[in-house]
Amino acid sequence: MAFDVAAVRGLFPALGDGWVHLDAPAGMQVPEQVATAASTALRAPVSGPGGNFPASQRAEAIVEAARRAIADLVGAKPSGVVLGPNSAVLLGRLADALGDGWMIGDDVVVSRLDSPDNVDPWQRAAQRSGSTVRWAEIDIETCELPTWQYGDLVTPRTKVVAITAASGAVGTRPDIRPAAEAADEHDALLVVDASSAAPFVPLDITEMGADVVAVNASAWGGPQVGALAFRDPAMLDHLPSVSLDHSARGPERLEMGPHALPLLAGLVASVDYLAGLDDAAIGPRRERLLTSLRAVKSYQAGLLTNLTNGLRKLPEVMLIGDAMRRIPSVAFTVNGVKATDAVSHLADQGICAFADPGTHGVFAALGAAEVGGAIRVGLAHYTNSTEVDQLVQAVADLT
């Protein structure tokens, strides 16, 4: 496998600003080929779908290409791919559609590890129907999500089990299979938020046992577009439709209004970018994606080890979590320093990082607010070892 970070960095015009971009959990920078694809689509004649003329046919081709791209990314079928502005909006539509049939006594299972995108929609749907929300808790020492609890949490009245494929906050990659098995045993729907995992690990909707996988293209340098992939596309025709077209079938039932076609063109280019991260990758795009993401995973593992080892050597720094399987997202605290002050110091050193107040999600469960919040950084495809060393040195200057 051949992953050349210097060559990858050359694909990103934004890196010319001179900053060290360790803000990947908020979305990676955009490769030139993605910007070019979106710009080209803006300049070309494009109309609404359904017409017998080139501009309309071009619109249909862009939408279908976007469905195929997401299907290749997660190992699904294009006919099961729903497109929209982001995964939070799409998960909200799905929760609204499913929640209409819930009753008092039904329940949904969510986890403390998940982002609000895959928690809040299910909480709202449960509240409207009088259903119960049941929580999968994390191990506060490691930030692992213990798998044994799903055998107790999932019951015959469970309608949905929502779980993340990877936490963008602390990096944990939980074992999804036990949750999938528990959901399958009780005919519950397993909804996996793979937005944070998609840039770093190969995905396969069938191997995960997921019924629905959610992703955001901005996570890997694509435009602000989200998608839901259904393992069984036929399920879509049994959901209440939110479409303005009352005759809509398949994925269009969860798509409201016209698509942002230039962004979908950028989405296709962004998946092609992922497929080309290993210059030795060959074959159909799905195979090239698997090869490239394995190469990315291997490269990032080395950087992540260097980062965590460097931070652990600093006596005033405490890393949050120590999961066995993880993506390259790291959270930590500096003794006696508020997270907001720490990231201001990092910004003075030309490093992009975020401060989390610790009042919600996984950080609330860990009590991060009591120590001034958490500092969050995330490695991107274009992060190199020099940048990791710069971060460690800048943090050392705080201690």
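Treat the numbers as computed from the prediction; the structure is a model and nothing was measured.

Draft legend 1. Geometry of the domain arrangement of the chain. Taken domain by domain, the chain comprises domain 1 (5–30 + 286–398) and domain 2 (35–273). A separation of 26 Å is found between the C-alpha centroids of domain 1 and domain 2. Facing the 37 residues of domain 1 at the interface are 39 residues of domain 2. Contact with domain 2 buries surface across domain 1, with R286, R325 and I327 losing the most and accounting together for 24% of the total. Between the two partners, domain 1 and domain 2, sit 16 residue pairs in polar contact (both at pLDDT 80 or more). For the side of domain 1 that touches domain 2, the elements supplying multiple residues, two or more each, are α10 (285–312), β10 (329–334) and α12 (361–366). Looking at the side of domain 1 that touches domain 2 element by element, the count peaks at eight residues for α10. The class makeup of the residues in the side of domain 1 that touches domain 2 is 22 nonpolar, eight polar and seven charged.

Draft legend 2. A look at the sheet that holds β10. A sheet is described by the order of its strands in space; here four strands give the open sequence β9-β10-β13-β12, paired in antiparallel fashion. The strands lining the two open edges of the sheet, one partner per strand, are β9 (317–319) and β12 (354–356). Within the sheet, the average angular offset between the axes of one strand and its neighbour, ignoring direction, is 35°. Pairing geometry for β9 and β10, over three bridges, is antiparallel. Within β10, the residue paired with M318 across the bridge is T333.

Draft legend 3. Main features of unusual backbone geometry. Look at C143: it is not a glycine, yet its phi comes out positive at around 65°. For C143, the location among the structural elements is in the loop between β4 (132–136) and α6 (150–153). Here D187, not a glycine, exhibits a phi torsion of approximately 55°, which is positive. Along the chain, D187 turns up in the loop between α7 (177–185) and β6 (189–193). Accessibility expressed as a relative area gives 72% for D187, which makes it exposed.

Draft legend 4. Quick look at the layout of surface pockets. The space that makes up the largest pocket amounts to roughly 680 Å³. As for the largest pocket, its lining consists of 35 residues, of which P25, S115, G168, S196 and R376 are closest to the centre. Listed by contribution, the elements that provide at least two residues to the lining of the largest pocket are α12 and β13 (374–378). The greatest single-element share of the lining of the largest pocket, amounting to three residues, is contributed by α12. Looking at the lining of the largest pocket residue by residue, the class counts come to 15 nonpolar, 15 polar and five charged.

Thresholds, definitions, all that
Residues numbered from 1 in each chain as written. Predicted model: local features only at pLDDT ≥ 70, side-chain atom pairs only at ≥ 80, totals over all residues. Heavy atoms only, no water. Domains from an automatic or database assignment. Contact = heavy atoms within 4.5 Å. Buried area = accessible area lost by both parts, 1.4 Å probe. Polar contact = N/O pair within 3.5 Å; in protein donor to acceptor, adjacent residues only side chain to side chain. Helix = DSSP H or I, 4+ residues; strand = E, 2+ residues; numbered from the N terminus. Nonpolar A, V, L, I, M, F, W, Y, C, P; charged D, E, K, R; others polar. Pairing = 2+ DSSP bridges. Axes fitted to C-alpha atoms, helices over the stretch in contact; angles between N-to-C directions. Buried < 20%, exposed > 50% of the residue type's maximum accessible area, 1.4 Å probe, protein only. 1 Å grid on protein atoms, 1.4 Å probe; cavity = no way out; pocket = protein on both sides within 12 Å on 5 of 7 lines; lining within 4 Å. Points joined across faces, edges and corners; volume = space filled by probe spheres on them.

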